[in-house]
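The lines below spell out each chain.
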Amino acid sequence: MKNFTVTLSLIFLIFTISLFAQQTDLKRFNPLSGRVAINLEGGATYPRTDFSNDQISYIGQLSIDYFFPSNSIGSWGLRGRTYYGELKGSGNYRNDSNFPTIPEYFTEIAALGAGVTYTLNASDVIYPYAFLGADYMYFNPKDKNGNKLPRNYANWYGNIEWSIVGEIGLRFLISNSFSFNIALNYHYLPTDNIDDIDDAISNGTQNDIFFTGRAGFSFYFGGTSDRDNDGVKDEDDLCPDTPPFVKVDEFGCPIDSDRDGVPDYIDNCPNTPKNVIVDQDGCPLDVDGDGVPDYLDLCPGTPEGVQVDSRGCPADSDEDGVPDYKDLCPNTPIGTEVNKWGCPIEETVVETPEPEIIEYILSGGVTFETNKADLLQPAYIELDKVIKVMKDRPETKWKIDGHTDNTGSYKRNKELSLQRAQSVYNYFIRNGIAAARLQVNGYGSDYPIADNFTETGKAMNRRVAITLLTKDNSENTNGNKNQFSTDTRKDYDPGLEKQIGNMVFTDGNLYCFQVSSWRTREKAEAQMNLLLNKGIKSFVVAANSANLDGTWYRVRVGYFDSLEELNIVKAKVSK
C-alpha cells in the first residue's frame, strides 16, 4: 500500500507540472529571476505506519529559496529548510515481537534539509512549483505520558535518520514582494521505526512514510526589479505602474487591440474601427445620444429622445421630408407636397427658376490646338460645368457657334469654325446630352467681337459660344443642320401662375397639372422619366417659399391650350 501511494504521488507531481507548462504563455522575463524568498508555513502531518489508525497532527516550517536568473516561463532554484512537528497514531497492529503491545505512539519530528525547485510562471498571479530534496530528520517515539516506547527505550535504533522529500505547491503572488503559498509534501524514510514498531512479517521492508500539507507566506528580496509584476523588467518597462493582472505588450504597456487609445482592460468596445474618436470607455462618441455613434450618424444633432433609423436620422414614416417628431400630419400620402409642419398645402407657390448660364464663351487659344479642332484638356473642365447645367435643366435647348479671326482663307475659316463647334457638340453627346437639344453653327470670321487688326483682338475672335436658346434667339438658326422647333413651355409665364383647383395651374394662356412633389430632384426625375416613357410630356420645376421649409421638386404635365385637353391627359395619368 505504501509503495502504491509513492507511485501515485510521483505521477500526480509530473502531471501537474506538465499541465501548467502546456497552458502557460511564454514571457520574455521571469519575475522571480534572481530573487530570494523567505517562506513561513504551517500545517498538518499525516503518517502511514503499522498502526491501524494514523492520526493528523501539526508541523511548522521555515525555508529559504533562491531562484536562478531566467528569461523563460520556468525558473530553477535551490531551497534550504527546517521544520518541527509531530506524528501520532493508535489502534491495532500485529505484534510478533517480545516487546509488549502498545496502544498508541507520539513522536516529535525535526529536520534540516535542502533540495532543488522548479517554478513555473503560469500567469501574473499563479506560480506552480515542484521540490525534490533530502532531510536529516530527528524522531523520538513516546507514549502519551512522554515515556519512551519499548524499542526506543532499548536503543534498538537511532533517533536520527535521513529521508527523501518530494513536494508540489502553488505560489499566489499578491504583490511584487509577497505571496501566499500552499504545498503538499511526501516524506520517505528508510526505516520502519517511526512508530517504534518493526513489522516482523515483512522483515522491516515496509518502511514508514508521512505526508504534510502546509499553507503560509513568502517574502521576496533582491533580483531584477519589476514593481508592477507584469513580466517586463522596470528598466525596459514603458508603463511601470500597470495595474495587477493586466495583459501587457513587450514594452510593458497594457494591450490596446483596436488602437483607440483605451487599453483593452477598460475598453467596453474593444473592436472599434480604425481612426474613430472614442470616449473614456473606448466606445465611439455619440454626442446626441441617439444610439448611433457619430461616425455612422448622418444626423448628428438629433434632439434627445427622438426615435432614429440606422443612419441616426429621425424617422419619417410618410417620407414627406418632415420627421415624425414634428410632423403634425404623419400619414400624408407619398409624393404629396407638404408645409414645414408636414401637412398638405393647397396654396399658390411662386416657382423660382434655378440659376442658368445664358452664354458661355470658350477661348480658342486654350480650348483647341492651333489650326485644329481637337479639344485641349482645359476645355473639358469648362464644358463639364455647362453639361451639369444642361442636365439640371433637361427642358432647355442650346446652340453651339464656332468663330475664327480673319487669318487665312474665308473657306478654311468657315470649315474650322464648324469643326470646332462640332467637337464641342460631340463631347456633349458622349456625356448624355440629347442631340435634339443642340444646334451647331460655324460662322468663320463673319461675326467678330473685337478688332482683327491686333493680336489681342484676333485672340478674342477665336472662340466657341454656347448659348441658351430663348424665344428671342431660337428663330435665327442660320441654316444649322440640327435645328428644332421652340419648346412651348417657353411661352408659359411662371410669374403669372395661379392655381385653379385640383393641382391645375395656368398663367392665363396655357395650362399644366401637378402629379407629385418630392424633396429630392432624383426622385422627381425618376417619376418624370416614367411618364415620358409612356409618351406623356412631363417636366420638373423647383419651388420654395418660407412655408415650404426648403425646396420641393414638382413633377408636372403640360402644357395645354385648353382645360379640355388637360383633363383628357390627366385622366390618363390617374389610371
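Use the structure listed above.
Residues numbered from 1 in each chain as written. Predicted model: local features only at pLDDT ≥ 70, side-chain atom pairs only at ≥ 80, totals over all residues. Heavy atoms only, no water.

Core analysis: the largest hydrophobic core is formed by 23 residues, its most contacted members being L383, M390, V424, F428 and I466. Of all elements in the fold, only β10 (359-363), α4 (377-392), β11 (398-403), α5 (410-430), β12 (438-442) and β13 (463-468) reach the threshold of two or more residues within this core. At six residues, α4 tops the list of elements feeding residues into this core. Those residues within four positions of V424 in sequence are excluded, and the remaining contacts are L362, F368, L375, L383, I400, V464 and I466. Residues F51, Y105, F139 and L149 belong to the second largest nonpolar core, which totals 17 residues. (Core = buried A, V, L, I, M, F, W, Y, C linked by side-chain atoms within 4.5 Å. Buried < 20%, exposed > 50% of the residue type's maximum accessible area, 1.4 Å probe, protein only. Helix = DSSP H or I, 4+ residues; strand = E, 2+ residues; numbered from the N terminus. Contact = heavy atoms within 4.5 Å.)

Attention now goes to the side chain of S163. Its location among the elements puts S163 in strand β7 (residues 160-175). Under the relative-accessibility criterion, S163 is labelled buried at 0%. Filtering out sequence-adjacent residues up to four positions away, S163 remains in contact with G133, A134, D135, Y188 and L189.

Next up on the list: unusual backbone geometry. With omega at 5°, the peptide bond leading from G558 into Y559 counts as cis. With respect to the secondary-structure elements, Y559 resides in strand β18 (residues 550-560). At D196, a position not held by glycine, the phi torsion is positive, near 70°. Assignment of secondary structure puts D196 in the loop between β8 (178-188) and β9 (209-222). One non-glycine residue, R259, lies in positive phi territory at about 55°. In this structure, R259 sits in the loop between β9 and β10.

Ordered by their spatial adjacency, four strands build an open sheet running β10-β13-β11-β12, and the pairing between neighbours is mixed. Either end of the sheet is taken by a strand with one partner, and the two such strands are β10 and β12. Taken over all neighbouring pairs, the strand axes of this sheet differ in orientation by 15° on average, direction set aside. The strands that α5 touches are β10, β11, β12 and β13; relative to β12, the one it contacts most, it runs at about 160°. (Pairing = 2+ DSSP bridges. Axes fitted to C-alpha atoms, helices over the stretch in contact; angles between N-to-C directions.)

Tallied over the full model, the rule gives three disulfides. The side chain of C239 participates in a disulfide bridge whose partner is C253; the two sulfur atoms lie 1.9 Å from each other. Across the disulfide from C239 to C253, rotation about the S-S bond amounts to roughly 85°, and the bridge is consequently right-handed. Of this pair, C239 sits in the loop between β9 and β10 while C253 is found in the loop between β9 and β10, placing the two residues 14 residues apart along the sequence. Looking at C253, the relative accessible area reads 15%, which means it is buried. With a sulfur-sulfur separation of 2.0 Å, C269 is cross-linked through a disulfide to C283. Around the S-S axis, the bridge from C269 to C283 shows a dihedral of about 85° and counts as right-handed. Here C269 is found in the loop between β9 and β10, whereas its partner C283 is found in the loop between β9 and β10, with 14 residues between them in sequence. With relative accessibility at 16%, the residue C283 sits in the buried group. (Disulfide = S-S within 2.5 Å.)

We now examine the pattern of salt bridges. One pass over the full model with this rule turns up 15 salt bridges. E167 serves as the salt-bridge partner of R214, at 3.0 Å between the closest nitrogen and oxygen. Of this pair, R214 sits in strand β9 while E167 sits in strand β7; the two residues are 47 residues apart in sequence, bridging distant segments of the chain. Here R214 and E167 have matching classes, each one buried. The partner of K385 in a salt bridge is E382, and the shortest N-O contact between them spans 3.7 Å. Of the two residues, K385 and E382 are both situated in helix α4; the distance of three residues between them amounts to about one turn of the helix. Residue classification places K385 among the partly exposed positions, given a relative accessible area of 45%. Taking relative accessible area as the criterion, E382 reaches 24% and is therefore assigned partly exposed. Shared partners join several salt bridges into a network, and the residues in it are E41, D65, R79, R81, D135, E167, R171 and R214. (Salt bridge = Lys/Arg side-chain N within 4 Å of Asp/Glu carboxyl O.)

Here we come to the side chain of D135. Note that D135 resides in strand β6 (residues 126-142). Non-local contacts of D135, meaning those with residues more than four positions away in its chain, are made with R81, Y83, A111, L112, G113, A114, E161, W162, S163, V165 and H187.

One pass over the full model with this rule turns up 15 aromatic pairs. Ring centres of Y443 and Y447 lie 5.0 Å apart, and the angle between their planes is 80°; this geometry places the pair in the edge-to-face category. For R79, the ring lying beneath its charged end belongs to F131, and the centroid distance is 5.2 Å. Positioned over the ring face of F505 is R556, at 3.9 Å from the centre of the ring. (Phe/Tyr/Trp six-rings, centres within 6.5 Å; stacked < 30°, edge-to-face > 60°. Lys NZ or Arg CZ within 6 Å of the ring centre and 35° of its normal.)

In a regular helix each residue adds 1.5 Å, so 21 residues correspond to 30 Å; α5 covers 31 Å between its end C-alpha atoms and thus fits that length. Along α5, the residues that are buried comprise N413, L416, S417, R420, A421, Q422, S423, V424, Y425, Y427 and F428. Remark: G432 follows α5 within two positions and exhibits a positive phi of approximately 95°. (Expected span 1.5 Å × (residues − 1).)

As a further point, take the packing of α4 against α5. Relative orientation and spacing of two packed helices are given, respectively, by the angle between their axes and the distance between those axes. Contact geometry of α4 with α5 gives a least axis separation of 11 Å together with a crossing angle of 55°. As the angle between them shows, α4 and α5 are arranged oblique. As α4 packs across α5, the resulting crossing turns out to be right-handed. Across from Y380, L383, D384, V386, I387 and M390 in α4, the residues of α5 making contact are V424, Y427 and F428. (Parallel < 35°, antiparallel > 145°, perpendicular 65-115°, else oblique. Left-handed = near helix turned anticlockwise from the far one by under 90°.)

The next point concerns the pairing of strand β16 (residues 511-518). Most of β16 sits inside the fold, with seven of its eight residues counted as buried. Two strands pair when backbone bridges link them, and strand β15 (residues 504-506) and β16 are joined in this way by three bridges, in the antiparallel orientation. The residue bridging T506 from the neighbouring strand is Y511, located in β16. Between β15 and β16, which follow one another and run antiparallel, lie four residues, and G508 among them has a positive phi close to 95°. In this structure, β16 lies alongside β18, joined through seven bridges in antiparallel fashion. Its bridge partner being in β18, Y511 is matched across the sheet by F560.

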